Amino acid sequence: MKIALLGYGKMGKEIEQIALQRGHEIVLKINDTNLDELTVENLRKADVAIEFSMPSTVLGNIDLCFQAGTPIVVGTTGWYDQFENIKTRCAEEGKTLFHATNFSIGVNITFHINKVLAKIMNGFNEYEVEMEEIHHTQKLDHPSGTAITLAEGVIEHMERKKGFQAWLNDGTEAKPEVSADTLLIEALRQEAVPGTHTVSYISSIDRIDLRHEAFNRKGFATGAVIAAEWLKDKKGIFTMKDLLSF
Ligand SMILES: NC(=O)C1=CN([C@@H]2O[C@H](COP(=O)(O)OP(=O)(O)OC[C@H]3O[C@@H](n4cnc5c(N)ncnc54)[C@H](OP(=O)(O)O)[C@@H]3O)[C@@H](O)[C@H]2O)C=CC1
Ligand SMILES: O=C(O)C1=N[C@H](C(=O)O)C[C@H](O)C1
């Protein structure tokens, strides 16, 4: 496949390596220094675009791919407040978009177990639930997209939680008091951490942790390339649940 990389930073470079290993060709690589090459005409030269840029640039890039008619795989996080608009446009205009807050197979297994665990813990009111996400210091958004997906999984299956609140624990803000029906997500930023997520159930006598720790970015990148391959000849909006068989 001919692939356009929209975003050639930490993830774009990792995806390039995996894509080449899997026999694909990179026809466009976009970062802040060559935005003049980011045109509908150039996007039409690609079979698929893989988008890992920034919360402030992702929507413009989705729009350009829709104009070009180029299927797009979106890994960028921090834009999901616009998700319904994009979903509607994708359907109305007959375009193709694959999105995931996390492309790693291990995280998607964790997403599944998280829902099963929340269903079980719904019956055990003596446990309080809280979450923690840790990422590298360059991360622009908080809480992470993955943490939001995990929180949504808990809220869907646990009657005593109705919403979530994020706390960036960078020493500037004390731990917030949250209401009993709010799930607190603590975001920590530490040098070079690719992504660690923990959902904890804590009672006065014990603690259950569901934890996923990425050792590097290979899992995210491989999942994104597999999604791009899977998207061939498909129309519509898709995510990892469509690709995985559990
Ligand atoms: N869904 C998933 O599995 C994963 C998602 N992510 C998400 O992916 C995104 C990117 O992460 P990461 O690679 O670490 O971030 P980086 O900051 O390393 O890379 C972002 C890249 O986007 C480039 N850029 C700037 N403007 C544009 C534009 N208009 N169009 C395209 N690219 C542009 C930047 O260029 P320059 O360097 O010149 O500024 C940079 O190369 C984040 O939102 C992150 O949360 C990350 C990992 C996994
Ligand atoms: O910015 C990152 O690095 C990551 N972002 C994604 C997120 O926001 O969940 C996925 C992964 O955790 C790495």
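From a predicted model like this one, the values you see are computed outputs, not experimental measurements.

Turning next to the environment of Arg-22. In this structure, Arg-22 sits in the loop between helix H1 (10-21) and strand S2 (25-30). Sequence separation between Arg-22 and Asn-122 is 100 residues; the distance between their C-alpha atoms is 43 Å.

Bringing the site of ligand 1 into the picture now. With respect to spatial proximity, 28 residues lie near ligand 1, and among them Gly-9, Met-11, Asn-31, Asp-32 and Ser-53 are the closest. Per element, the largest residue contribution to the shell around ligand 1 is three residues, and it comes from H1. Class assignment of the residues belonging to the shell around ligand 1 gives a composition of 11 nonpolar, 15 polar and two charged.

A word on the packing of H1 against helix H7 (residues 218-230). One way to put it is that H1 packs onto H7 with a least axis distance of 9 Å and a crossing angle of 60°. In terms of axis orientation, H1 runs oblique to H7. Of the two possible hands of crossing, H1 and H7 adopt the one that is right-handed. Taken together, the residues of H7 that come into contact with H1 (itself represented by Met-11, Glu-14, Ile-15, Ile-18 and Ala-19) are Lys-218, Phe-220, Ala-221, Thr-222, Ala-224 and Val-225. Of the residues contributing to the contact of H1 with H7, the split by class is eight nonpolar, one polar and two charged.

Within a sheet, each strand pairs with its neighbour through backbone hydrogen bonds, oriented either parallel or antiparallel. Pairing is parallel across the open sheet formed by six strands, whose spatial order is S2-S1-S3-S4-S5-S11. Each having just a single partner strand, S2 and strand S11 (236-238) make up the two edges of the open sheet. Each strand of the sheet is rotated relative to its neighbour by a mean of 20°, with strand direction disregarded. Bridge count between strand S1 (residues 2-6) and S2: five bridges; the pairing is parallel. Note on S2: the bridge partner recorded for Ile-3 is Ile-26. This element, helix H3 (residues 58-68), spans S1, strand S3 (48-51), strand S4 (72-74) and strand S5 (96-99) of the sheet and lies at about 165° to S4.

Following the UniProt record, one finds the feature "binding site: (S)-2,3,4,5-tetrahydrodipicolinate" (unreviewed entry) at His-136, Gly-145 and Thr-146. By secondary structure assignment, the location of His-136 is in the loop between strand S6 (128-135) and helix H6 (145-157). On the neighbour-count criterion, His-136 (13 C-beta atoms within 10 Å) is partly exposed. The residues contacting His-136, other than those within four sequence positions of it, are Glu-191, Ala-192, Val-193 and Pro-194. Within the secondary structure, Gly-145 is located in helix H6. Residue class for Gly-145 comes out buried when judged on the 21 C-beta atoms lying within 10 Å of it. With sequence-adjacent residues up to four places away left out, Gly-145 is seen in contact with Thr-77, Gly-78, Tyr-80, Thr-101 and Asn-102.

The next thing to look at is the UniProt feature "binding site: NAD(+)" (unreviewed entry) in the protein. The UniProt record annotates "binding site: NAD(+)" (unreviewed entry) at Gly-75, Thr-76, Thr-77, Ala-100, Thr-101, Asn-102 and Phe-103. Across 29 residues of sequence, these annotated residues stay compact in space, with a maximum C-alpha separation of 11.6 Å. Here Thr-76 shows up in the loop between S4 and helix H4 (83-93). Beyond its immediate sequence surroundings of up to four residues, Thr-76 is in contact with Gly-7, Glu-51, Phe-52, Ser-53, Met-54, Pro-55 and Val-58. Along the chain, the position of Asn-102 falls in the loop between S5 and helix H5 (105-121). Overall, Asn-102 belongs to the buried group, with 26 C-beta atoms counted inside 10 Å. What Asn-102 contacts, discounting residues up to four positions off in sequence, is Val-107, Asn-108, Gly-145, Thr-146, Thr-149 and Phe-220.

Its 13 residues give H6 an end-to-end C-alpha distance of 19 Å, which sits within 8% of 18 Å, the value for a rise of 1.5 Å per residue. Taken together, the buried positions of H6 are Gly-145, Thr-146, Ala-147, Ile-148, Thr-149, Leu-150, Ala-151, Gly-153 and Val-154. In this fold, the buried residues of H6 make contact with H5, S6, strand S7 (163-168), strand S8 (182-189) and strand S9 (196-202).

Cut-offs and rules
Residues numbered from 1 in each chain as written. Chains lettered and ligands numbered in written order. Predicted model: local features only at pLDDT ≥ 70, side-chain atom pairs only at ≥ 80, totals over all residues. Helix = DSSP H or I, 4+ residues; strand = E, 2+ residues; numbered from the N terminus. Near = placed C-beta within 6 Å. Nonpolar A, V, L, I, M, F, W, Y, C, P; charged D, E, K, R; others polar. Axes fitted to C-alpha atoms, helices over the stretch in contact; angles between N-to-C directions. Parallel < 35°, antiparallel > 145°, perpendicular 65-115°, else oblique. Left-handed = near helix turned anticlockwise from the far one by under 90°. Contact = placed C-beta atoms within 7 Å. Pairing = 2+ DSSP bridges. UniProt positions renumbered as here; feature names shortened; annotations may be inferred. Buried ≥ 20, exposed ≤ 12 C-beta atoms within 10 Å, placed from the backbone. Expected span 1.5 Å × (residues − 1).

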